[in-house]
Amino acid sequence: MCALLRAVDVHFSYGTSPVLRDVSIEVPDGGFAGILGPNGSGKTTLLKVLSGTVTPRAGTLTMDGRDIRRMPRAALARRMAVVPQETHLAFDYSVLEVVLMGRYPHLGTFQIEGPNDIAIARRALAATGTSLLEHRQFATLSGGEKQRVVIASALAQVTGDNGTAGSYLLLDEPTAALDLAYQIEIAALLRDLQQRIPITILVSTHDLNFAAGVCTSLVLLSEGRVLATGPTDVVLTRSNILDLYGVEADVRRHDDAGRLVVVPIARAARGAPG
Amino acid sequence: MRSIRQRILIVSAGFGGLAAASIVLAPLVGSTTIDLARALDRSVPFSENTDAQILFIARLPRTLAGAMVGGALASAGVVFQGLLRNPLATPFTLGVSAGAALGAMLAITFGWTFGWLGIPAIPAASFAGSISAVTIVYGLARARHGGLSTNVLLLAGVTLNAFFSALILFVQFLADFTDLYRMLRWLVGDLDVASYQPLATALPLLLVSLAVFAWLARPLNLLSLGPDAAHTHGIDVRQAQRAAFFSASLATGAAVSIAGPIGFVGIVVPHLVRLLVGADHRVVLPASVLFGAAFLVCCDVVGRTLIAPVEIPVGVITAIIGGPFFLWLLLRRG
């Protein structure tokens, strides 16, 4: 059966202020999906709902047709890993220790990581180009290096007997805290991972060009509602961007980049939502 | 690189040797020189054998108390630091010791003499005080937040510490001079237990805490990523936080009921251990229990011998070592 992550009619509110209203999305196996929207549109909350970190007020969440909230924690964690926007550790762990933390849901209560877990961690480090950082202290890395190591940890987490097949990687604004060079580096890494290994990636982002560069399908989220959903080439249009951000923009295919490029022109006149 | 199992064994053996050596040697050191051969000579009746009396009635229980209290406070410090994700937290940050102190002060002021299950009034009142403090802090944290928000826990703990300190001042203000002196001695922290009974009472409580700590070692590693990340790694965050809070509070309450609130062990030892062995709680926790035991036993030897025959309470020694260490730690982090 084809893996499928699905949310139907999800409502969520912090206190009395609604954050997600009637949100339904489907993330099919093997894709690279994006949740695109301005700050405060509910992107991060939607990722937290999908990963079971917060419980929605209403709606259903399923993975391969099974209710996510009824799945054992460890079983869900073996299929789905989350990469937060930024990771700060309370204590000085080494890079290898951070990646091995991903093996937690694969081990019994008092079980200690074995050679197999260390091999999986080293493969994940290699896949993210961070093998040379293995013995460094995590706290001493740059922002981009930290993000790569956390992605490696997430890969180690969802690697089972069948590799990463049927697994999900959820990334919350993976480039928001990074400068331009690191943004491009992380985008290239994610694209490369998704093409080389069987894994489904879901990112939240407010960055139109990042979304255009990596995502094959998009969910546009505006004030907690789904504005549009579909393949990137179809939904990333001038009028949708105007509705989403209240910004006039030019959307065109860039020959060198080989993808859509969004050039923001001006903030739309009053009356447009934003 | 060594495997984690090897690291745990090597580190435990190393610090275990240190703890064992200090426990064996400490009773032999003191203001009165004792003859070990005579102390262990079974042919002399115990009532006539002063060496044996000093060794087995004064020094050995005191050394064992130091080992138990040191190990408990150091490992409770590690767990509180992991729970609060704050390397500067101590076993006393959340008000356990303030509650214990208030209980002990009340017992001294009112001259309570009743015991509870054979436990004398002051340790019993101190333990009851720490249980009330823990209950109040937990209730506050739960009421303000569904889970155990570390910020709310910290705020509740700091507030309760301040409030209990005010109550302690009030009780002290009403006390007479003799009681006031006893209160001061209690608050400084001292290992002069003079019997095995308080140790036997506290031991089961400490063993329960240590068993929970062993289970907590891996969840605490994941919690240092933050509660949300720990959750997406498959950890039951609330359960782990609750277990950490209650087990570390239990160990602290038991230790404080034996020896009063001996400061700085719970922060100096965990930091030294982390500098030596890294951050993995599966290595840090056993190392802290053993090194904490050795550290406090050695501090007490210093206190007993520095200006002998006057004995300096061990709480003064740890504070003199701990104060500057704490400052160094702050400056190093900044």
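Described below are features of the structure shown in this document. (Residues numbered from 1 in each chain as written. Chains lettered and ligands numbered in written order. Predicted model: local features only at pLDDT ≥ 70, side-chain atom pairs only at ≥ 80, totals over all residues.)

A tally of regular secondary structure across chain B gives 13 helices and zero strands. What you see in chain B, going N to C, is helices and strands ordered as α-α-α-α-α-α-α-α-α-α-α-α-α. On C-alpha atoms alone, chain B measures out to a radius of gyration of 20 Å, which is about the 20 Å that the 2.2 N^0.38 rule sets for 334 residues. Taken along the three principal axes of its C-alpha coordinates, chain B extends 65 × 55 × 40 Å. Within chain B, contacts between residues separated by at least 24 positions form 77% of all contacts whose residues are at least 6 apart in sequence. (Helix = DSSP H or I, 4+ residues; strand = E, 2+ residues; numbered from the N terminus. Rg over C-alpha atoms; globule rule 2.2 N^0.38 Å. Contact = placed C-beta atoms within 7 Å.)

Residues and elements named next belong to chain A. The strand order β2-β1-β4-β5 describes an open sheet built from four strands, whose pairing is antiparallel. Across the chains shown, the open sheet's two edge strands, defined by having one partner strand only, are β2 (17–28) and β5 (66–67). The pairing of strand β1 (residues 4–14) with β2 spans eight bridges and is classified as antiparallel. The partner of F12 across the bridge, within β2, is L20. Here helix α1 (residues 43–50) sits on the sheet in contact with β1, β2 and β4 (58–63), set at roughly 120° to β1. (Pairing = 2+ DSSP bridges. Axes fitted to C-alpha atoms, helices over the stretch in contact; angles between N-to-C directions.)

A separate point is helix α11 (residues 265–277) of chain B. Residue and element names in this part refer to chain B. With 13 residues, α11 extends 18 Å from end C-alpha to end C-alpha; this agrees with the ideal 18 Å at 1.5 Å per step. Most of α11 sits inside the fold, with 10 of its 13 residues counted as buried. Turning to α11, its buried residues are V265, G266, I267, V268, V269, P270, H271, V273, R274 and V277. Phi turns positive one or two residues past the end of α11, at G278, with a value near 90°. (Expected span 1.5 Å × (residues − 1). Buried ≥ 20, exposed ≤ 12 C-beta atoms within 10 Å, placed from the backbone.)

The subject of this paragraph is helix α1 (residues 4–25) of chain B. All names here are of chain B. With 22 residues, α1 extends 31 Å between its outermost C-alpha atoms, agreeing within 8% with the 32 Å of an ideal straight helix rising 1.5 Å per residue. Buried residues of α1: I8, V11, F15, A19 and S22, and no others. Seen end-on, α1 carries its buried residues on one side only, within an arc spanning 85°. Opposite the buried face of α1, by more than 90 degrees, sit the exposed residues R5, Q6, A13, G17 and V24. (Arc of directions from axis to C-beta.)

On the side of chain B, 21 residues touch chain A, which itself brings 22 residues to the contact. For the side of chain A that touches chain B, the secondary-structure elements that each account for two or more residues are α2 (73–79), β6 (80–83) and α3 (95–101) of chain A. Considering each element in turn, the side of chain A that touches chain B owes the most residues, three residues, to α2 of chain A. For the side of chain A that touches chain B, a count of residues per class yields 13 nonpolar, five polar and four charged. (Nonpolar A, V, L, I, M, F, W, Y, C, P; charged D, E, K, R; others polar.)

Below, the discussion takes up the environment of P286 of chain B. Residue and element names in this part refer to chain B. With respect to the element layout, P286 can be found in helix α12 (residues 281–305). For the pair formed by P286 and A214, sequence separation is 72 residues and the distance between their alpha carbons is 8.3 Å. Excluding its chain neighbours within four sequence positions, the residues that come into contact with P286 are I8 and S12.

Looking now at the pairing of strand β10 (residues 225–231) of chain A. Note that strand β9 (residues 217–222) of chain A and β10 of chain A share six bridges and pair antiparallel. Paired with L221 of chain A across the bridge in β10 of chain A is V226 of chain A.

Residue and element names in this part refer to chain B. Direction vectors running N to C along α11 and α12 enclose 125°, while the axes themselves pass 9 Å from each other. Taken together, the axes of α11 and α12 are oblique relative to one another. When the axes of α11 and α12 are compared, the crossing they make is right-handed. Contacts between α11 and α12 involve V265, V269, P270, V273, R274 and V277 from the former and V283, V284, A287, S288, F291, G292, F295 and L296 from the latter. Among the residues making up the contact of α11 with α12, the classes are represented as 11 nonpolar, two polar and one charged. (Parallel < 35°, antiparallel > 145°, perpendicular 65-115°, else oblique. Left-handed = near helix turned anticlockwise from the far one by under 90°.)

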